[in-house]
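Chain and residue survey
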Amino acid sequence: MPPRGAPAVRTARVRGLPWPARYPRMVSATSPSPSDNAEGRRVALLTLGCARNEVDSEELAARLHADGWQVTTDGEGADVVVVNTCGFVEKAKQDSIQTLLAAAGTGAKVVAAGCMAERYGRELADSLPEAQAVLSFDDYPDIAARLNAVVAGEQITAHTPRDRRELLPLTPVQRQSATVSLPGHGTVTRTAVDTDEHTPAHLRQVLRRRLDTGPVASLKLASGCDRRCAFCAIPAFRGAFVSRTPDELLAEAEWLAKTGVRELVLVSENSTSYGKDLGDPRALEKLLPQLAAVSGIVRVRVSYLQPAETRPGLVEAIAGTPGVAPYFDLSFQHSSEPVLRRMRRFGSTDRFLELLASARALAPEAGARSNFIVGFPGETRADIDELTRFLTEARLDAIGMFDYSDEDGTEAAGLPGKVSAATIKRRYDRLSALADELCSQRAEDRLGSTVEVLVDAIVDGVVEGRAAHQAPEVDGSTTLVAPAEGGVDLAALRPGDLVRATVTGTEGVDLLAVPDEMISAAPGAAR
C-alpha cells in the first residue's frame, strides 16, 4: 500500500511498488542546448537515502568533473539530472520515483542510478519512460560515457538485475583481488597516467569531489553485507562485504581534512565487519586512532554497528580513544528474542542492555541510538511488551521506529503469521509516542552536563551544532546560546569550530547550551 497521504497511483508497478501519478515538479527551466562534447555540459547529482549514497555521488562527481562536466546539485538549467536513488523500503522507493518525475519536469534528460536502479534495472526502465537511462553500479566507472550517450540521444539498454553477492568469492579474504564495481571505493586506479597497480593507495589521487562545503563528511569503510537478515534486501543488490584498505581510508581522510572537513562519519552496511576480508578482525580498532590523528580532524564517529559483532575491544576503542565520539549506533531492530530469531538476528533485551552498560561503564555520557521494526511476522503482544521494557531501560538518545512492510526478494515476505495493517499501525503509533517521550527524557538527563559541540552552521545569527552523542541529520542538534557573562563570543564562532559548552535547556531531543571555551577553531576562518 502507498505511504499514508500519498496521491493517486498509476497502474504501472515494479514488483508491487505503487507509482505516484502526480508529484510536484522541480522548478521548470529550459535546458541549454548540449554541445558536441562534455566540456561545458551541466549535470545535476541529486542524492536520496543514506550517507553511503552521498559518498557514491561524490565519486560520480569526480569522474564526471574529470571528463569536463560541470557538476552541481541544482537541477535547474542542467543538461542531465542523475538521481542517485534509494531502494531500501517502500517509502524510500516512492521518494525516488517522485524525484525522478520532478526532474523530468525541468526539461533535462533524466538518469536513474543508485540502489533502486540497481535493484530493478530493466523493469524500472520499462515502467518509467520519463527516465532516459537506468544505470547499474557496473556503469559507474564509465559514467561520463553513459551521460555523453544520453545527451547524444543514444539508447542505453538497462541491465537485468542479479544477486551481486554472486559476483564475489564466498571466502571474504579472496574478495580484495576481485574486479567488481564497488561504488564509493574511490581511488584512481592504474588507468591513470601517474599511477600503476603497484602504487600504494595513499599516493593515488582520491576519486571524490565534494558536493557541499560543510565541516562534516562521510567516509565509506566498506560496501555490501554478509548477513542474511530476513527483512533486508540490501545484500542482494549491494553485494557481499568488501572492506577498503586502511591506507585508502587514511588517504581519503587526509584529503577531506584539506577541504575543510572536521568530523568524519564512518559508514558502511556493517561497520563491525570491517577488516574480516583483510585478515584482521580488529582492523577498525586499530584504524580509529589513526583517523583521529589526521591533521584537522577533531571528531571521528562510527555508525552502523551490529550488536552481535560488537566486540569488547571495539567498545573500548570507541569509548576511550581521544578524538573518537563515544557514540554507539547499534542496529537492534527488536529486543524480543523470538522475533530476533525469526529476523535471523541474535540478542535479547538483557544482552542488549548489558552491551549498553559496558559502553557507559567506560564513557558515562556515551550516546546511543538504534532503529526498530514493529509488526514483523509472528510478533505478539508479549514481544511488544518485551520491546517496551527494553526501550524504557535502554536510555537511548535517538530512536528510529519503522512499521514493517513486505519487501520483495526477502525471506520475511514469505513468512507466515503476518500482523494485520491495523495492528501494525496501532503498535507503531504507541511505540513511536513512547520513543519520543523517552528520548526527550534522555535529553533532559543531560541538563547541567558538559558537551563538546561542533558548529555545523550559522543562519541568521543562530549557531547550530552537534554534541558527541548527536550524529548529523538523525539525532537532533545543539543550539549555542549567549552566556550571561564571559565564555565564548557567539558572533566570533564559525562552522567547524569545536567548543566546550554547558547544557542549559532542551527542546525534545535538541539541546540548548552555553559555550564555555574554544577547544579547536576551524582553520582559516577570519576572527
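Residues numbered from 1 in each chain as written. Predicted model: local features only at pLDDT ≥ 70, side-chain atom pairs only at ≥ 80, totals over all residues. Heavy atoms only, no water.

Within an unreviewed UniProt entry, the label attached to the protein reads Ribosomal protein uS12 methylthiotransferase RimO, and the organism entered is Micromonospora lupini str. Lupac 08. Check the Subcellular location (unreviewed entry) section of the UniProt entry for the protein; it says "Cytoplasm". UniProt lists a comment for the protein under the heading Catalytic activity (unreviewed entry), and it reads "L-aspartate(89)-[ribosomal protein uS12]-hydrogen + (sulfur carrier)-SH + AH2 + 2 S-adenosyl-L-methionine = 3-methylsulfanyl-L-aspartate(89)-[ribosomal protein uS12]-hydrogen + (sulfur carrier)-H + 5'-deoxyadenosine + L-methionine + A + S-adenosyl-L-homocysteine + 2 H(+)". (UniProt positions renumbered as here; feature names shortened; annotations may be inferred.)

So, about unusual backbone geometry. Non-glycine residue Gln333 carries a positive phi angle of around 70°. Tracing the backbone shows Gln333 in the loop between β13 (327-329) and α10 (337-342). Using a relative accessible area of 11% as the deciding quantity, one classes Gln333 as buried. A positive phi is found at Arg395, a non-glycine position, where the angle reads about 55°. Inspection of the secondary structure puts Arg395 in the loop between α12 (381-394) and β15 (398-403). (Helix = DSSP H or I, 4+ residues; strand = E, 2+ residues; numbered from the N terminus. Buried < 20%, exposed > 50% of the residue type's maximum accessible area, 1.4 Å probe, protein only.)

Enumeration over the complete set of coordinates arrives at 7 aromatic pairs. Ring centres of Phe332 and Phe372 lie 6.4 Å apart, and the angle between their planes is 25°; this geometry places the pair in the stacked category. Here the residue Phe332 occupies a position in the loop between β13 and α10, and Phe372 occupies one in strand β14 (residues 367-374), the gap between them amounting to 40 residues. The two residues Phe332 and Phe372 agree in class, both being buried. Through a chain of ring-to-ring contacts, three or more aromatic side chains come together here, namely Phe332, Phe352, Phe372 and Phe390. Positioned above the aromatic ring of Tyr304 is the side chain of Arg52, whose terminal nitrogen or guanidinium carbon lies 4.6 Å from the ring centre. The residue whose ring lies beneath Arg301 is Tyr327, and the NZ or CZ to ring-centre distance is 4.7 Å. (Phe/Tyr/Trp six-rings, centres within 6.5 Å; stacked < 30°, edge-to-face > 60°. Lys NZ or Arg CZ within 6 Å of the ring centre and 35° of its normal.)

Structurally, the position occupied by Ser477 is in the loop between β17 (462-466) and β18 (478-480). With relative accessibility at 15%, the residue Ser477 sits in the buried group. For Ser477, the side chain forms a polar contact with the side chain of Glu464, separated by 2.4 Å. Residues within four places of Ser477 in sequence aside, it is in contact with Glu464, Gly465, Arg466, Gln470, Asp510 and Leu511. (Polar contact = N/O pair within 3.5 Å; in protein donor to acceptor, adjacent residues only side chain to side chain. Contact = heavy atoms within 4.5 Å.)

Moving on to the UniProt feature "binding site: [4Fe-4S] cluster 1" (unreviewed entry) in the protein. Mapped onto this numbering, the UniProt entry annotates "binding site: [4Fe-4S] cluster 1" (unreviewed entry) at Cys50, Cys86 and Cys115. What stands out for the annotated residues spanning 66 residues is how close their C-alpha atoms remain, the widest pair being 10.5 Å apart. Residue placement: Cys50 occurs in the loop between β3 (42-47) and α1 (51-66). With respect to the element layout, Cys86 can be found in the loop between β5 (80-85) and α2 (90-104).

Moving on, we come to the pattern of salt bridges. The full count for this structure, using the stated rule, is 45 salt bridges. The partner of Glu365 in a salt bridge is Arg446, and the shortest N-O contact between them spans 3.3 Å. Residue Glu365 is located in the loop between α11 (349-362) and β14, and its partner Arg446 is located in the loop between α13 (421-445) and β16 (450-459); the two are separated by 81 residues in the primary sequence. By relative accessible area, which is 45% here, Glu365 ends up partly exposed. The class for Arg446 is buried, based on a relative accessible area of 2%. With its nearest N and O atoms 2.9 Å apart, the salt bridge here joins Arg389 to Glu386. In this pair, Arg389 and Glu386 are both assigned in helix α12, 3 residues apart and thus about one turn of the helix distant. Given the relative accessible area of 30%, Arg389 is considered partly exposed. In the salt-bridge network here, residues are joined through shared partners; they are Arg52, Asp56, Lys220, Arg238 and Glu269. (Salt bridge = Lys/Arg side-chain N within 4 Å of Asp/Glu carboxyl O.)

One open sheet holds the 3 strands; their spatial order is β13-β14-β15, and the pairing between them is parallel. Unpaired on one side and paired on the other, β13 and β15 mark the two borders of the sheet. Averaged over all pairs of adjacent strands, the angle between strand axes in this sheet comes to 10°, irrespective of strand direction. The pairing of β14 with β15 spans 6 bridges and is parallel. Looking at the pairing, Asn371 lines up with Gly400 of β15. (Pairing = 2+ DSSP bridges. Axes fitted to C-alpha atoms, helices over the stretch in contact; angles between N-to-C directions.)

Below, the discussion takes up the pairing of strand β12 (residues 299-302). Covered by surrounding structure in β12 are Arg299 and Arg301 together with Val300 and Val302, the residues of both alternating faces. Handedness of the crossover joining strand β11 (residues 263-267) and β12 through helix α8 (residues 283-292) is recorded here as right-handed. (Right-handed = clockwise from strand over helix to strand, strands pointing away.)

Okay, the sheet that holds β11 next. In sheet architecture, strand pairing relies on hydrogen bonds along the backbone and comes in two forms, parallel and antiparallel. Here we have 3 strands laid out as an open sheet, ordered β8-β11-β12, and parallel in their pairing. Looking at the sheet topology across the chains shown, the edges are occupied by β8 (216-220) and β12. Between one strand axis and the next, the sheet turns by 25° as a mean value, whatever way the strands run. Looking at chain direction, β8 and β11 are connected through 5 bridges and run parallel. In the strand pairing of β11, Lys220 is matched with Val267. Packed on one face of the sheet, helix α7 (residues 246-258) meets β8 and β11 and runs near 165° to β8.

When the terminal C-alpha atoms of α12 are compared, their 20 Å separation across 14 residues agrees well with the 20 Å that a helix rising 1.5 Å per residue should span. Those residues of α12 not exposed but buried are Asp383, Ile384, Leu387, Thr388, Phe390, Leu391 and Ala394. All buried residues of α12 lie within an arc of 165° about the axis, which places them on one face of the element. Among the exposed residues of α12, those oriented more than 90 degrees off its buried face are Arg381 and Ala382. Next to the buried residues of α12 lie α10, α11, β14, β15 and α13. Of the residues one or two after α12, Arg395 is the one with positive phi, at around 55°. (Expected span 1.5 Å × (residues − 1). Arc of directions from axis to C-beta.)

Where α11 meets α12, the axes come as close as 10 Å, and the angle between the chain directions of the two elements is 10°. Between α11 and α12, the angle falls in the class roughly parallel. Here α11 contributes Thr349, Asp350, Phe352, Leu353, Leu356 and Arg360 to the contact with α12, which in turn contributes Glu386, Arg389, Phe390, Glu393 and Ala394. Within the contact of α11 with α12, the residues separate by chemical class into 5 nonpolar, 1 polar and 5 charged. (Parallel < 35°, antiparallel > 145°, perpendicular 65-115°, else oblique. Nonpolar A, V, L, I, M, F, W, Y, C, P; charged D, E, K, R; others polar.)

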